[in-house]
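An overview of the molecular structure
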Amino acid sequence: MIGNFTYCNPTKIYFGRDALSGLYEELPKYGKNVLLVYGGGSIKRNGIYDKVVAALKKNGKRIFEDGGVMPNPTIEKVKEGVERARAADADLILAVGGGSVCDYAKAVSVSVHCGEDIWEKYFIRFEEPDCEIVPVGCVLTMVGTGSEMNGGSVITNREQKLKIGHVFGENVFPKFSVLNPEFTFTLPRNQMISGIYDIMSHILEQYFSGTDDNTSDYISEGLLRSLIHSADIAAENPLDYEARSNIMWTATWALNTLIAKGKTTDWMVHMLGQSVGAHTDATHGMTLSAVTMPYYRYILPFGTAKFARYAVNVWGVDPAGKTELAVAREGLERMEAWMKKLGLVMNLTELGATREMLDGMVKSTLIMDGGYKVLSEEEIRAVLSASF
Ligand code: NZQ
Ligand code: ZN
């Protein structure tokens, strides 16, 4: 462990079949006006909306609704939410949905009392809020992003063809999150597996960097093994509570800041994926799976030892009699076969991307410098080209 750090995660988690009872503990802590934020209507069809509204009413809350948050929420929609939150004089923003709804709620929470251009301030200049922040609570219905226990907020600017995540500090984390694995049972299969791959990618973004001996990497390997094991079970039987609950908890730990502590991190798969998302509006986890193999095969020579360790400790590759490079490559082959079996999208064409978008996607890709290779624009073009 070579890095210095501070660690604090203030989000209170209520986990399990009875997790919604947490609302009855939390709601009395906040004022009367609640902005109830949700997506395109899945919570109305599966009954979660009724349960949440009942809890709000029992606690004497005045409910102001803000539905219709789209996957990959836009800055225009955030501005609309800010107006609603102001009109409601919101004391609490309750996000009921997936990462998009949670991310959106956080973006609104830091903007209600902010007089500046929020896109420029938070998503271009990456400033921290210097205004009052409206508290956010979360009832999670889709597993993957980790948004339920972090400060991340990823917002799309369609006009500028940019999809950018701001990782806010602790005071923007949800105050509490309700995690009931059963609330995820109605997810369509493609969303379930997209979320599973998002989790895997979060762990790998933090794992494939650095050469120091770091506790975080051992935790990551454990999380990955649990994820792969449970994903295989959930793929066969999506209603397996044990597997789905393990996946849900792994998602939270994959991106609640813990496994990034004391080490460098990469995040280039996400930068590539977000650029694809900005041009196609495709499902987040699938944008990651589509670019992963070309990217990892490209950087493997610069981090061979770590890729070999990954092959052995996560995929069970037997290193006996093989070179480090051969072991590393075999690990990626096993990973690729697993991804295909799960049904993930493995190329950009299937996501609706075209070669005409290539220039724009290269321009929209933010270049990070924490991984094994800092890519040039030309290398980004090569990786994206290989992903078609
Ligand atoms: O909108 P509704 O009708 O609710 O339908 C949603 C949506 O269509 C549906 N859904 C959610 N829960 C359901 C359900 N359908 C049936 N039953 C349920 N229980 O699933 C669809 C996808 O939901 P969404 O919230 O968009 O998915 P996800 O959780 O993957 O969130 C994706 C967003 O999070 C960002 C992504 O970039 C993307 O914008 N990310 C946020 C991060 C963070 N905060 O740290 C990190 C991630 O890397 C990611 O970038
Ligand atoms: Zn992600």
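For the structure, see preceding data.
A brief structural summary. This is a predicted model, so every value here is computed, not measured. (Residues numbered from 1 in each chain as written. Chains lettered and ligands numbered in written order. Predicted model: local features only at pLDDT ≥ 70, side-chain atom pairs only at ≥ 80, totals over all residues. Heavy atoms only, no water.)

Let's shift gears to the overall build of the chain. Secondary structure assignment for the chain yields 15 helices and eight strands. Whereas a compact globule of 388 residues would reach a radius of gyration of roughly 21 Å, the chain reaches 20 Å, a difference of no more than 12%. Along the first, second and third principal axes, the C-alpha atoms of the chain reach 70 × 45 × 40 Å. Relative to its 388 residues, the chain shows a buried fraction of 58%. (Helix = DSSP H or I, 4+ residues; strand = E, 2+ residues; numbered from the N terminus. Rg over C-alpha atoms; globule rule 2.2 N^0.38 Å. Buried < 20%, exposed > 50% of the residue type's maximum accessible area, 1.4 Å probe, protein only.)

What follows concerns the site of ligand 1. Near ligand 1 there are 30 residues, and of these G40, S42, G99, S100 and D103 occur at the shortest range. Between G40 and ligand 1, the recorded distance is 2.6 Å, taken from a backbone N or O atom to an oxygen atom. Partitioned by chemical class, the residues of the shell around ligand 1 number eight nonpolar, 19 polar and three charged. Split by domain, the shell around ligand 1 shows at least three residues from each of two domains, domain 1 (12-183) and domain 2 (189-386). (Near = heavy atom within 4 Å. Polar contact = N/O pair within 3.5 Å; in protein donor to acceptor, adjacent residues only side chain to side chain. Nonpolar A, V, L, I, M, F, W, Y, C, P; charged D, E, K, R; others polar. Domains from an automatic or database assignment.)

With that out of the way, let us pick up the pattern of salt bridges. Evaluated as defined, the whole model comprises 22 salt bridges. Residue R309 pairs with E221 through a salt bridge whose shortest N-O separation is 2.6 Å. Of this pair, R309 sits in helix α12 (residues 304-313) while E221 sits in helix α8 (residues 215-236); the two residues are 88 residues apart in sequence, bridging distant segments of the chain. Salt-bridge contacts for R297 lead to E336; the nearest nitrogen and oxygen are separated by 3.0 Å. (Salt bridge = Lys/Arg side-chain N within 4 Å of Asp/Glu carboxyl O.)

Around the zinc ion (ligand 2), the protein contributes the donor atoms D198 (OD), H202 (NE2), H270 (NE2) and H284 (NE2), at 2.0 to 2.2 Å from the metal centre. If you list the donors of the zinc ion (ligand 2) from N- to C-terminus, the spacing comes out as D-x3-H-x67-H-x13-H. Taken as a pair, D198 in helix α7 (residues 189-207) and H270 in helix α10 (residues 268-280) lie far apart in primary sequence, 72 residues in all. With relative accessibility at 3%, the residue D198 sits in the buried group. (Donors = N, O, S within 2.8 Å, 3.2 Å for Na, K, Ca; no water.)

Another aspect to go through is α10. Look at α10: 18 Å from first C-alpha to last across 13 residues, which is about the 18 Å you get at 1.5 Å a residue. One or two positions beyond α10, positive phi appears at D281, with a value near 60 degrees. (Expected span 1.5 Å × (residues − 1).)

In the contact formed by α7 and helix α9 (residues 241-254), the axes pass within 9 Å of each other and the chain directions differ by 40 degrees. Once α7 is placed against α9, the crossing between them reads as left-handed. Residue-level inspection shows M192, I196, I199, H202, I203 and Q206 of α7 in contact with α9, the latter providing R244, I247, T250, A251 and A254. Each residue belonging to the contact of α7 with α9 can be placed in one class, and the counts come to seven nonpolar, three polar and one charged. (Axes fitted to C-alpha atoms, helices over the stretch in contact; angles between N-to-C directions. Left-handed = near helix turned anticlockwise from the far one by under 90°. Contact = heavy atoms within 4.5 Å.)

Next up on the list: the packing of aromatic side chains. For the structure shown, the criterion picks out 16 aromatic pairs. Between Y30 and F176 the ring centres are 6.3 Å apart and the planes differ by 40 degrees, which places this aromatic pair in the tilted class. Residue Y30 is located in the loop between α1 (21-26) and β2 (33-38), and its partner F176 is located in strand β8 (residues 176-179); the two are separated by 146 residues in the primary sequence. An identical accessibility class is assigned to Y30 and F176; each is buried. On the numbers, 5.7 Å between centres and 70 degrees between planes, the contact of Y38 with Y49 is edge-to-face. (Phe/Tyr/Trp six-rings, centres within 6.5 Å; stacked < 30°, edge-to-face > 60°.)

A word on the sheet that holds strand β4 (residues 92-97). What holds strands together in a sheet is hydrogen bonding between their backbones, with the strands either parallel or antiparallel. Taken in spatial order, the six strands of this open sheet run β1-β8-β5-β4-β2-β3, and their pairing is parallel. The open sheet is flanked by β1 (12-15) and β3 (62-66), the only strands paired with a single partner. Looking at each pair of strands side by side, their axes are set apart by 20 degrees on average, direction ignored. As paired strands, β4 and strand β5 (residues 136-140) are joined by five bridges and run parallel to one another. Among the inter-strand pairings, I93 is bridged to a residue of β5, identified as V136. Seen against the sheet, helix α3 (residues 48-58) touches β2, β3, β4 and β5 and runs at an angle of roughly 175 degrees to β2. (Pairing = 2+ DSSP bridges.)

On their own, these measurements won't tell you what the molecule is for.
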